[in-house]
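Given next are the chains, with one letter for each unit.
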Amino acid sequence: MTSHDRPGPDTDETLIPVVQMRRPRWGDPERVTELPGAAAALAGDATPNPGVDPSSITPPAPAVPASVRADLERLVGDAHVADSADARIQHTRGFSTPDLLRLRSGDASDAPDLVVYPGDHDEVVEILRICSAARVAVVPFTGGTSVVGGLAPDRSGFAGVVSLDLRRLDRLVEVDDISRVATLQAGLRGSAAEALLRERGWTLGHFPQSYEGAGIGGYAATRSAGQSSAGYGRFDEVVEGLVLATPRGTVELGTAPRSAAGPDLRQLVLGSEGVFGVITSVRVRVRPAPETRVFDGWRFATFTDGATALRRLAQDGPLPTVLRLSDEAETAVNLADPGQLGADATGCLVVTGYEGRAPEVPRRREAASEVLADAGGTLLGEEPGESWRSGRFAGPYLRDPLLDAGVLVETLETVTYWSGLHDLRAAVTAAITDTLTASGAPPLVMCHISHVYPAGASLYFTVVAPFGADPLAEWSAAKKAANEAIRAAGASITHHHAIGRDHRDAYHDEIGALALDALRAVKNTLDPAGICNPGILI
Ligand SMILES: Cc1cc2nc3c(=O)[nH]c(=O)nc-3n(C[C@H](O)[C@H](O)[C@H](O)COP(=O)(O)OP(=O)(O)OC[C@H]3O[C@@H](n4cnc5c(N)ncnc54)[C@H](O)[C@@H]3O)c2cc1C
């Protein structure tokens, strides 16, 4: 199947089997992806760059002390501790383009020394105790799709690095059908969690573009936002409770739906990216599985017009389940045949999707359509919306063939208030364009809005550029310039990709020294030896 063989209109693209990705390539290893015309054109005259065969890469000699390994094997069983080159490479870094470029060049210097697969929460606590006593760093690993360096800790001063892979914690523990709350173990991958909930008539409604790879623990640890965030909310908004394993024991948070008891400590753990410990299960709100779904496409003459329409829906309602606006460049390249936009192909595509109960969906669609039409939108019908829906997880499959063809593709995101959105978009676009052009790799910069709030929205940029002499250095300079533009505009360094190592300095700038001290004090309390994902976030 190529990325353009779309599931039919009656197929639910969110009900897909779990795939075991094989770094450095994305997604189902069986799936062959050919570059479609628009993407192939981006490759132009770039020089192909196929990368080295991953099976030929040798990671550095493992460093964890033999006594620690023996303790871990006794605890979880020999079969659940691995130090083969393959296991270590499959846990090396994440899926940012720099991560892929490094591995494609044969650099596995960040490989963990051991991969450990615990079977339950108590084993996770014990692993953290053992590693804490021996000063071995521990990296929680759910789906391994981090794009911010969240899986590459700073190993200096540690006796080794253990990747703690949660895949065996893969149960739907319970569903409270009356309260509409489900408890999921952290190692469940997104599609597996959704399938288990659908069997009971529920949906989580969380569909990030990394849905095929990411999982529950990762969603919680990074405050993930799915493509249907307008309808179902961000992941952190649906978390009712969670269980955290730390080197000093267990923290359980979230007793009741609301509480006036002090600060909400769940918020300390959500987005903590493994630096306070390991989230082993999460209690989330679920919704009835949708009875019906329908997607539309709309054309707006400009990005500004489209953004105004989205703002009106976000502020005054009604909100569709999916709401996204592509700029002119993204509309032309990614989402639609420009012909669908009418004679004037310079427009911007808005995709709206509605899911829910059969009687309610048409009412919401009609009311939202009135707002969109009133704001200057032209209805294009269902085809562009359905086309986006059925191909919603296909985009990441294009990155590998583009990298093979010598074309750099990377994304970054930010969030700000509506009043500053257009200046922010212009500043980030200029920063990336100027930096890459100066290094001899003029880019195409595309942008979309896919997460909206009453007060503001996120901006998501996709950058495509032919490799220059040193693509890693070229991207690093462009990313630095983009980060500076984001901070200079007073926007946040991340809306949903999180901090990891890559955004750490900008995040510290964003929160200030005193707030950073407070976070460090929490870490010192829960993880006195500092073994939990050192160098990430704080
Ligand atoms: C192609 C692609 C598309 C993407 N699209 C989206 C998107 O639409 N929306 C979005 O929000 N993000 C997106 N991302 C980013 C990424 O998928 C998210 O950050 C996701 O939530 C990570 O989940 P994971 O299970 O892969 O976590 P991992 O990569 O395994 O971990 C992420 C971080 O959390 C830590 N961690 C993992 N599990 C735990 C745990 N149980 N307890 C404590 N810490 C833990 C890790 O150590 C790491 O620092 C995308 C990434 C890619 C590569």
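Computed from a predicted structure; not experimentally measured.

> Can you explain the pattern of salt bridges? Please cite residues and give values.
Note that side chains of opposite charge can pair when their charged atoms are close. Enumeration over the complete set of coordinates arrives at 32 salt bridges. A salt bridge links Arg234 to Asp236; the nearest nitrogen and oxygen atoms lie 3.0 Å apart. When its relative accessible area of 11% is taken as the criterion, Asp236 is described as buried. A single network of salt bridges, built from pairs that share partners, joins Asp12, Glu13, Glu194, Arg198, Arg293, Glu355, Glu386, Arg389 and Arg392.

> Quick rundown of the sheet that holds strand β18 (residues 456-466)? Include the residues and the values.
Spatial ordering of the open sheet is given by β15-β12-β14-β13-β17-β18-β16, a layout of seven strands whose pairing is antiparallel. Because the sheet does not close on itself, it has two edges, and the strands there are β15 (378-381) and β16 (407-417). The average angle at which neighbouring strand axes cross in this sheet is 25°, direction not considered. Where helix α11 (residues 303-316) meets the sheet, its contacts fall on β12 (292-300), β13 (322-326), β14 (348-356), β17 (444-449) and β18, and the angle it forms with β13 comes to roughly 160°. Of the strands in this sheet, β12, β13, β14 and β15 are in contact with helix α14 (residues 382-390), which crosses β12 at around 115°.

> Could you give me a rundown of the site of the ligand, with the residues and numbers involved?
Neighbouring the ligand are 36 residues; Pro140, Thr142, Thr145, Gly150 and Ser210 lie closest to it. Between Ser224 and the ligand, the recorded distance is 3.0 Å, taken from a side-chain N or O atom to an oxygen atom. Here a nitrogen atom of the ligand and a backbone polar atom of Gly274 are 3.2 Å apart. Protein chains bury 97% of the 960 Å² of accessible surface belonging to the ligand in isolation.

> Requested: an account of the nonpolar core, with residues and values cited.
Residues Ile216, Phe235, Val284, Val428, Ile432 and Ile449 are the most contacted members of the largest nonpolar core, which totals 96 residues. Two domains each provide a minimum of three residues to this core, namely domain 1 (172-288) and domain 2 (292-392). The residues touching Ile449, leaving out its near neighbours within four places in the chain, are Phe303, Ala307, Leu310, Leu323, Arg324, Leu325, Trp418, Leu421, Ala457, Ser458 and Leu459. Of all hydrophobic cores here, the second largest spans 31 residues; its members include Val64, Leu72, Val161 and Ala529.

> Describe in detail the sheet that holds strand β8 (residues 239-246), supporting the description with residues and values.
Strand order in the open sheet formed by five strands is β5-β6-β10-β8-β9, with antiparallel pairing between adjacent strands. Each edge of the open sheet carries a strand with a single partner, namely β5 (172-176) and β9 (249-253). Each strand of the sheet is rotated relative to its neighbour by a mean of 10°, with strand direction disregarded.

Cut-offs applied
- Residues numbered from 1 in each chain as written.
- Predicted model: local features only at pLDDT ≥ 70, side-chain atom pairs only at ≥ 80, totals over all residues.
- Heavy atoms only, no water.
- Salt bridge = Lys/Arg side-chain N within 4 Å of Asp/Glu carboxyl O.
- Buried < 20%, exposed > 50% of the residue type's maximum accessible area, 1.4 Å probe, protein only.
- Pairing = 2+ DSSP bridges.
- Helix = DSSP H or I, 4+ residues; strand = E, 2+ residues; numbered from the N terminus.
- Axes fitted to C-alpha atoms, helices over the stretch in contact; angles between N-to-C directions.
- Contact = heavy atoms within 4.5 Å.
- Near = heavy atom within 4 Å.
- Polar contact = N/O pair within 3.5 Å; in protein donor to acceptor, adjacent residues only side chain to side chain.
- Areas by Shrake-Rupley, 256 points an atom, 1.4 Å probe, with all protein chains shown as cover.
- Core = buried A, V, L, I, M, F, W, Y, C linked by side-chain atoms within 4.5 Å.
- Domains from an automatic or database assignment.

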